[in-house]
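Survey of secondary and tertiary structure
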Amino acid sequence: MVSYEEIAEYAFMAFVVIAIVAGLAVGYMAYAANLHWNDPAVADANSYLILILLILGLIVGLISITAKEVAPFLMAAIALMVTGVGLDVWLPLAKIHSLLYYWATAILSYIVAFAAPAAVIIAIKAIYALARKK
């Protein structure tokens, strides 16, 4: 029988795979749209995917992270968000091939869109648990 923790682990991994596949698809759409994220089809797809990933991140934050996983998850989420802010790190990929830059940018953006709401929920839960102890 599959435990609740295993289901949460599989759901988390599935959501990360969704973020990667969506990043590949939308990154290619942006590349094919003459290298513009502002193309209406690309912007719409990007907006809907970010909304979906935000909702999935909220779900993960509410149900899947245990008390012993809080600190490692928050450190990893912070690292992802800091890397997401500095997307210029991926610019050397544009010199190799601009499609690689769009893929890397989209994948990282979607993983951050998924991890950020989960990190906020988990941080609030951790602060509440710390405040409740006193």
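Check the entry above for the structure.
What comes next is a walk through the structure. Sequence positions are assigned chain by chain, starting from 1 and proceeding in written order. Since the coordinates come from a predicted model, pLDDT governs what is reported: local features require at least 70, and pairs of side-chain atoms require 80 or more to be given and counted, while whole-chain, interface and lining totals use all residues. Only hydrogens and water are removed before side-chain values are computed, so all heavy atoms of the structure are retained for them.

1. Points about the layout of surface pockets
Rules: As defined here, a cavity is a set of points on a 1 Å grid over the protein atoms alone where a 1.4 Å probe fits but cannot get out. A pocket is an open set with protein on both sides within 12 Å along at least five of seven lines, and residues line them when an atom is within 4 Å of a point. Grid points are joined across faces, edges and corners, and a volume is the space filled by probe spheres set on the points. A run of H or I in DSSP becomes a helix once it reaches four residues, and a run of E becomes a strand once it reaches two; helices and strands are each numbered from the N terminus. When residues are sorted by character, Ala, Val, Leu, Ile, Met, Phe, Trp, Tyr, Cys and Pro go into the nonpolar class, Asp, Glu, Lys and Arg into the charged class, and all the rest, Gly among them, into the polar class.
Taken as a whole, the largest pocket spans an internal volume of roughly 250 Å³. In terms of lining, the largest pocket is formed by Glu5, Ala8, Glu9, Phe12, Met13, Ser64, Ile65, Thr66, Lys68, Glu69, Pro72 and Phe73. Mapped by element, the contributors of at least two residues to the lining of the largest pocket are α1 (4–32) and α3 (70–85). For the lining of the largest pocket, the element with the highest residue contribution is α1, accounting for five residues. Along the lines of polarity and charge, the residues of the lining of the largest pocket split into six nonpolar, two polar and four charged.

2. A look at the packing of helix α2 (residues 40–63) against helix α5 (residues 98–133)
Quick reminder of the rule: Helix axes are fitted only over the stretch in contact, all axes being lines through C-alpha atoms; the angle between N-to-C directions runs from 0 to 180 degrees. Working definition: roughly parallel below 35 degrees, roughly antiparallel above 145 degrees, roughly perpendicular at 65 to 115 degrees, and oblique for all remaining angles. Working rule for handedness: look at the near helix, and if it is turned counterclockwise from the far one by less than a right angle, call the crossing left-handed; if clockwise, right-handed. Should any heavy atoms of two residues lie within 4.5 Å, those residues are considered in contact.
Packing of α2 against α5 brings their axes to within 7 Å, and their N-to-C directions diverge by 30°. Relative to α5, the element α2 is oriented roughly parallel. By crossing handedness, the relation of α2 to α5 is classed as right-handed. In this structure, α2 uses Asn46, Leu49, Ile50, Leu53, Leu54, Leu56, Gly57, Leu58, Val60, Gly61 and Leu62 to contact α5, whose residues at the interface are Tyr110, Ala113, Phe114, Pro117, Ala118, Ile121, Ile122 and Lys125. By residue class, the composition of the contact of α2 with α5 is 15 nonpolar, three polar and one charged.

Nothing here speaks to function; it is geometry throughout.
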